[in-house]
Amino acid sequence: MFKMNGKHSKPAKLILPFYTIDTLRNRIGWIINIRWIELFGVLVAIPISQRVLHLPIAYPQLYTISAIVLGLNLIYFFLFRYYPFRNFQQELTFTEIQLILDLIIISFLVHYIGGISNPFFFIYMVAIIISGVLLPLNLPYVNATVAVILLTIWTILEYHRVVPVYPISEEPLRLSVITISLGAFYILIFITTFVIKDFISGYRQLKRLVDEKSRQLENTMQERDKIFRFTAHELKSPITTLRSMLGVIEEIYSSKLNDEVADMLNRAVIRTDQILLMVKDMIDVTQYRHGSREKVIEEVNFEDWIETVTTQFDDYAEQKNITVVINKQNKKEMVRLDTPAIEKVLANLINNAIRYSPPGSQVTITPFVKRNVFGFAVQDAGIGISKEDQTKIFEEFYRGKNARELERLGSGLGLPLVKQIVEQCQGKIFVESKLGKGSTFTIELPKIPLAIE
Ligand code: ADP
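Reading guide: rules and limits
- Residues numbered from 1 in each chain as written.
- Predicted model: local features only at pLDDT ≥ 70, side-chain atom pairs only at ≥ 80, totals over all residues.
- Heavy atoms only, no water.
- Domains from an automatic or database assignment.
- Near = heavy atom within 4 Å.
- Polar contact = N/O pair within 3.5 Å; in protein donor to acceptor, adjacent residues only side chain to side chain.
- Areas by Shrake-Rupley, 256 points an atom, 1.4 Å probe, with all protein chains shown as cover.
- 1 Å grid on protein atoms, 1.4 Å probe; cavity = no way out; pocket = protein on both sides within 12 Å on 5 of 7 lines; lining within 4 Å.
- Sits in = over half its atoms within 2 Å of the grid points.
- Helix = DSSP H or I, 4+ residues; strand = E, 2+ residues; numbered from the N terminus.
- Nonpolar A, V, L, I, M, F, W, Y, C, P; charged D, E, K, R; others polar.
- Salt bridge = Lys/Arg side-chain N within 4 Å of Asp/Glu carboxyl O.
- Buried < 20%, exposed > 50% of the residue type's maximum accessible area, 1.4 Å probe, protein only.
- Core = buried A, V, L, I, M, F, W, Y, C linked by side-chain atoms within 4.5 Å.
- Contact = heavy atoms within 4.5 Å.
- Axes fitted to C-alpha atoms, helices over the stretch in contact; angles between N-to-C directions.
- Parallel < 35°, antiparallel > 145°, perpendicular 65-115°, else oblique.
- Left-handed = near helix turned anticlockwise from the far one by under 90°.

1. Notes on the domain arrangement of the protein chain
Stage number 1. Looking at the protein chain, the domain boundaries give domain 1 (21-173) and domain 2 (298-446).
Stage number 2. Computed over C-alpha atoms only, the centres of domain 1 and domain 2 are separated by 62 Å.

Next comes the structure, spelled out in structure tokens:
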């Protein structure tokens, strides 16, 4: 079964970090959430270090730091939710302040867990990675430098015992080890910043390129639609005149014409009808795509309405010796719908079902009204649609090979129009078909709440 979904046929919007104000807002929410996870991690690690590992670190101070982080993150959260940031600059400043405060808090945390003697001092990297991903220009390098200065100052103060120390091992740290640790930290922090910035800037360039290309594509599509609409409108009146003149000639002179000329005249009438049909379909398709049409929402008894639309095809069905059956439930359910638009959908499907069915067969229309959706299925026992064609029949002007062989007349614009309308109504189309066995087109539309009486 092939499914066309109104909602999913549009390309998904790419959300990349720090590309627009919108994405920065998303990312601010993201770092606030990360901070909650970090806080949770610290609160789990403290009792483990104390009870299981018995590390001689500064537990009361660590709880104080956790309380400060909790308070700050709550403030960030409420600012993020309720403060009306006026521009990108304000959001950027807000993010940078958070990251600098994070680095200062991390520096205290590292000091209270043993300073450079504890390999966990690399926790600075978390803030540095976030800053590299989020911030533009040279801000990631500024933050990396702040981290380097903080760790260096604390290490000097600890080494010279200007501040109390909480070493996790008994042995005093030698100057050479401290120097190597600091050196490794400097190298790693700047390389990480460089790599992340490089990667992210490539990422953003790609996003800009994709945006630019999709804008160009959109413009081309609009241009094409304009030409399409213009041509259809310009063609409509001369062809209508031509068709009515042919009608007049046929009426007045048909008895006086010899068979050959009468046949030529008849073919001219058929051909003109086909062009007229195509022009009308083109106008319909562009009108719906352009969204220039006003919706006409009416409340109707759904089964009765289906019946009224179906009756229009009585003559055509009779002419082709096809029985059209409506699978009524007689529930008298009322629905609200854009009647002219959905009538076009149903009419197109019934018309196709009759057109692509052999004489003597049956076309069945099944209306349904469920809790949240309603719609109808149009089933025929006709020529069917191959699997490959099922993905193409909604493209403009596409006509299946078997359809062309059976019916020379056709624009290939009926189903694109059906798709356009159903998409605009946020509905879905399902196609089930087997070559040579028949097809079922099902339309499912979301319910529009009934007017209050
Ligand atoms: P048209 O019928 O004018 O060719 P449509 O857009 O209505 O244009 O349909 C496109 C194609 O989809 C048809 O040419 C045909 O190949 C296929 N198709 C549509 N409805 C049916 C059907 N009920 N049975 C078999 N093929 C169908």
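Having put the structure on the table, let's press on.
2. A closer look at the site of the ligand
Stage number 1. Not every one of the 22 residues close to the ligand is listed here, only the nearest: Arg355, Tyr356, Asp380, Arg399 and Leu415.
Stage number 2. With respect to the ligand, the side chain of asparagine 352 contributes an N or O atom lying 2.8 Å from an oxygen atom.
Stage number 3. The contact in question runs from an oxygen atom of the ligand to an N or O atom on the side chain of arginine 355, over 2.5 Å.
Stage number 4. Relative to its free-state accessible area of 520 Å², the ligand is covered by the protein chains to the extent of 98%.
Stage number 5. Placement of the ligand is best described as lying within the second largest pocket.
Stage number 6. Counting only elements with at least two residues in the shell around the ligand, the list comes to α10 (339-355), α13 (414-424) and β8 (438-446).
Stage number 7. Tallied by class, the residues present in the shell around the ligand amount to 11 nonpolar, 8 polar and 3 charged.

3. What to know about the pattern of salt bridges
Stage number 1. In this structure the tally under the stated criterion is 14 salt bridges.
Stage number 2. A salt bridge links arginine 267 to aspartate 263, with the shortest nitrogen-to-oxygen separation between them at 3.6 Å. With a gap of 4 residues between them, arginine 267 and aspartate 263 both fall in helix α7 (residues 259-290), about one helical turn apart.
Stage number 3. The class of arginine 267 is exposed, set by a relative accessible area of 51%.
Stage number 4. Each of Arg224, Asp225 and Glu396 takes part in salt bridges that share partners, so that together they form one network.

4. A closer look at unusual backbone geometry
Stage number 1. We note that asparagine 321 has phi near 55 degrees; this positive angle belongs to a residue other than glycine.
Stage number 2. One non-glycine residue, glutamine 426, adopts positive backbone phi at about 55 degrees.

5. Considerations on the nonpolar core
Stage number 1. Phe302, Trp305, Leu346, Phe376 and Ile443 are the most contacted members of the largest nonpolar core, which totals 49 residues.
Stage number 2. In terms of residue count, the dominant contributor to this core is α10 (9 residues).
Stage number 3. Beyond its immediate sequence surroundings of up to four residues, isoleucine 443 is in contact with Val345, Leu349, Phe368, Phe374, Gly375, Phe376, Val418, Val422, Lys428 and Ile429.
Stage number 4. By size, the runner-up hydrophobic cluster in this structure holds 18 residues, among which are Phe121, Met125, Ala147 and Val148.

6. Brief notes about the packing of helix α4 (residues 124-134) against helix α5 (residues 139-159)
Stage number 1. Running from amino to carboxyl end, α4 crosses α5 at an angle of 165 degrees, the nearest separation of the two axes being 9 Å. The orientation of α4 relative to α5 falls into the category roughly antiparallel. As α4 packs across α5, the resulting crossing turns out to be right-handed. Listed contacts from α5 to Tyr124, Ile128, Ser131 and Gly132 of α4 are Pro140, Asn143, Ala144, Ala147, Leu150 and Leu151.
Stage number 2. Its residues placed into classes, the contact of α4 with α5 shows 7 nonpolar, 3 polar and no charged.

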